[in-house]
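Tertiary structure, described
Listed here are the chains, written in short residue letters.
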Amino acid sequence: MIYRMVFNALLALLAIRRQRDLYYKPVVVFCVVYAIRFTTEWLVSGIDTARLRDEIIITAIVASPFLVIGMAIVTHMEQLHAQLANLAATDVLTDLPNRRAFIAAFQSAIETHETWHLLVIDVDHFKRVNDNFGHAVGDQALIRVAAHLRQHARMDDQIGRLGGEEFGMLVCNRAGADIAALGRRMTKPFSFDVPDNNNSLSLSVSVGATPLQVSDTVETAFVRADRALYDAKSAGRARMVICEKLPEKAVA
């Protein structure tokens, strides 16, 4: 554990994140190294001040370019690591968080003790889009749906693609009436212009919503939201259904 903390501290010290880091961080690293050298030599054998001064000057001239190059390499590796982490958490098609990242956001939301609602969103009759126009158009339709969901999300809300034509949304600090109003806006059909085609499709979504509870797990919350989504589909689609509690038979 302590080695990991030291390693992370070294990365933070060596990484160049802003332009000003390029000017002062090499000096800081150089001073830290020579402070350790100074202390060690003083404890072991005493200090020859003149010799130490000459060593510092020579080392500064010779080592500074290599120090800057080393810091640049560390910075590049850190940027690559951040990019890989972002790719691992992002759906390539829609540029939304993927299922894994959305589940992580769900778990963080539970811990905040704020008022959250989980929305599970499914594109209505999406199979017809793929069957009639092909999967390339289906992909463009999913991108359009993702943009549609972003239009209705606030800054604190979280959106993710759960897989296929299913999306998730975590909605923060909205009362039941506000959730219902959001559902009416979100499920209103909207048009989608087919690429390289004069046709315009009408898309809509069905939504299953449930308020999150402190005792909720991912499984219990998604069971309620999926039940609400099933009811929305059964009632004719293009609507939201809110499930606050499962019926006793469903719980059993």
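Residues numbered from 1 in each chain as written. Predicted model: local features only at pLDDT ≥ 70, side-chain atom pairs only at ≥ 80, totals over all residues. Heavy atoms only, no water.

In terms of regular secondary structure, the protein is built from 9 helices and 7 strands. Buried residues in the protein amount to 36% of all 252 residues. (Helix = DSSP H or I, 4+ residues; strand = E, 2+ residues; numbered from the N terminus. Buried < 20%, exposed > 50% of the residue type's maximum accessible area, 1.4 Å probe, protein only.)

For the rest of this paragraph, the subject is the packing of aromatic side chains. Under the definition given, this model contains 1 aromatic pair. Seen in terms of ring centroids, Phe 106 and Phe 222 are 6.3 Å apart; in terms of plane orientation they differ by 45 degrees. Their pairing is tilted. Of this pair, Phe 106 sits in helix H4 (residues 99–112) while Phe 222 sits in helix H8 (residues 218–234); the two residues are 116 residues apart in sequence, bridging distant segments of the chain. Pair check on accessibility: Phe 106 and Phe 222 agree, each one buried. We note Arg 99 situated over the ring of Phe 222; from NZ or CZ to the ring centre the distance is 5.8 Å. (Phe/Tyr/Trp six-rings, centres within 6.5 Å; stacked < 30°, edge-to-face > 60°. Lys NZ or Arg CZ within 6 Å of the ring centre and 35° of its normal.)

Spatial strand order, E2-E3-E1-E6-E7: 5 strands in an open sheet with mixed pairing. Every other strand in the sheet has two partners, leaving strand E2 (158–163) and strand E7 (240–242) as the edge strands with one partner each. Put simply, the sheet's adjacent strands are angled 20 degrees from each other on average, direction ignored. The pairing of strand E1 (residues 116–123) with strand E6 (residues 205–211) spans 7 bridges and is classified as antiparallel. Considered in E6, the bridge of His 117 is made with Pro 211. Against the sheet, H4 makes contact with E1, E2 and strand E3 (166–172), and its axis sits at roughly 135 degrees relative to E2, the strand it touches most. Each of E1, E2, E3, E6 and E7 touches H8; the most contacted strand, E6, lies at about 145 degrees to it. (Pairing = 2+ DSSP bridges. Axes fitted to C-alpha atoms, helices over the stretch in contact; angles between N-to-C directions. Contact = heavy atoms within 4.5 Å.)

Moving on to the nonpolar core. Counting residues in each nonpolar core, the largest one holds 28 residues, and the members touching the most others are Leu 119, Ile 121, Val 145, Leu 149, Phe 167, Met 169 and Met 186. Broken down by secondary-structure element, the contributors of at least two residues to this core are E1, helix H5 (126–133), helix H6 (135–151), E3, helix H7 (176–186), strand E4 (190–193), strand E5 (200–203) and E6. With 6 residues, H6 is the single largest residue contributor to this core. Within the second largest apolar cluster, 18 residues are counted, among which are Phe 102, Phe 106, Val 120 and Cys 172. (Core = buried A, V, L, I, M, F, W, Y, C linked by side-chain atoms within 4.5 Å.)

Taken residue by residue, H7 has Ile 179, Ala 181, Leu 182, Gly 183 and Met 186 as its buried positions. The secondary structure elements touched by the buried residues of H7 are E1, H6, E3, E6 and E7.

Let's shift gears to the pattern of salt bridges. When the charged atoms of two side chains with opposite charge come close together, those side chains can pair. This model, assessed by the stated rule, comprises 7 salt bridges. Ionic pairing is found between Arg 174 and Asp 157, a salt bridge with its closest N-O pair at 2.8 Å. Of this pair, Arg 174 sits in the loop between E3 and H7 while Asp 157 sits in the loop between H6 and E2; the two residues are 17 residues apart in sequence, bridging distant segments of the chain. You can call Arg 174 buried: its relative accessible area is 4%. With relative accessibility at 8%, the residue Asp 157 sits in the buried group. In this structure, Arg 224 and Asp 216 form a salt bridge, with 2.7 Å as the shortest nitrogen-oxygen distance. In terms of burial, Arg 224 and Asp 216 fall into one category: buried. (Salt bridge = Lys/Arg side-chain N within 4 Å of Asp/Glu carboxyl O.)

This part takes up the side chain of Asn 98. Checked against the element boundaries, Asn 98 lands in the loop between helix H3 (49–88) and H4. Taking the relative accessible area as the measure of exposure, Asn 98 reaches 17% and is therefore buried. Within the structure, Asn 98 has its side chain in polar contact with the backbone nitrogen of Ala 101 (distance 3.0 Å). Beyond its immediate stretch of four places on either side in the chain, Asn 98 contacts Ala 88, Ala 89, Thr 90, Asp 91 and Arg 161. (Polar contact = N/O pair within 3.5 Å; in protein donor to acceptor, adjacent residues only side chain to side chain.)

This part covers a nonpolar patch on the surface. A contiguous nonpolar patch, built from Val 28, Val 32 and Ile 36 and spanning about 230 Å² of accessible area, is present on the exposed surface. When you line up the elements, Ile 36 lands in helix H2 (residues 21–44). (Patch = residues over 30% accessible without salt bridge, like charges linked within 9 Å, V, L, I, M, F, W, Y side chains within 5 Å. Areas by Shrake-Rupley, 256 points an atom, 1.4 Å probe, with all protein chains shown as cover.)

As a further point, take the packing of H4 against H8. Look at H4 against H8: their axes get within 11 Å of each other, and the N-to-C directions meet at 105 degrees. Relative to H8, the element H4 is oriented roughly perpendicular. Of H8, the residues touching H4 (which contributes Phe 102, Ile 103, Phe 106 and Gln 107) are Val 218, Ala 221 and Phe 222. By residue class, the composition of the contact of H4 with H8 is 6 nonpolar, 1 polar and no charged. (Parallel < 35°, antiparallel > 145°, perpendicular 65-115°, else oblique. Nonpolar A, V, L, I, M, F, W, Y, C, P; charged D, E, K, R; others polar.)

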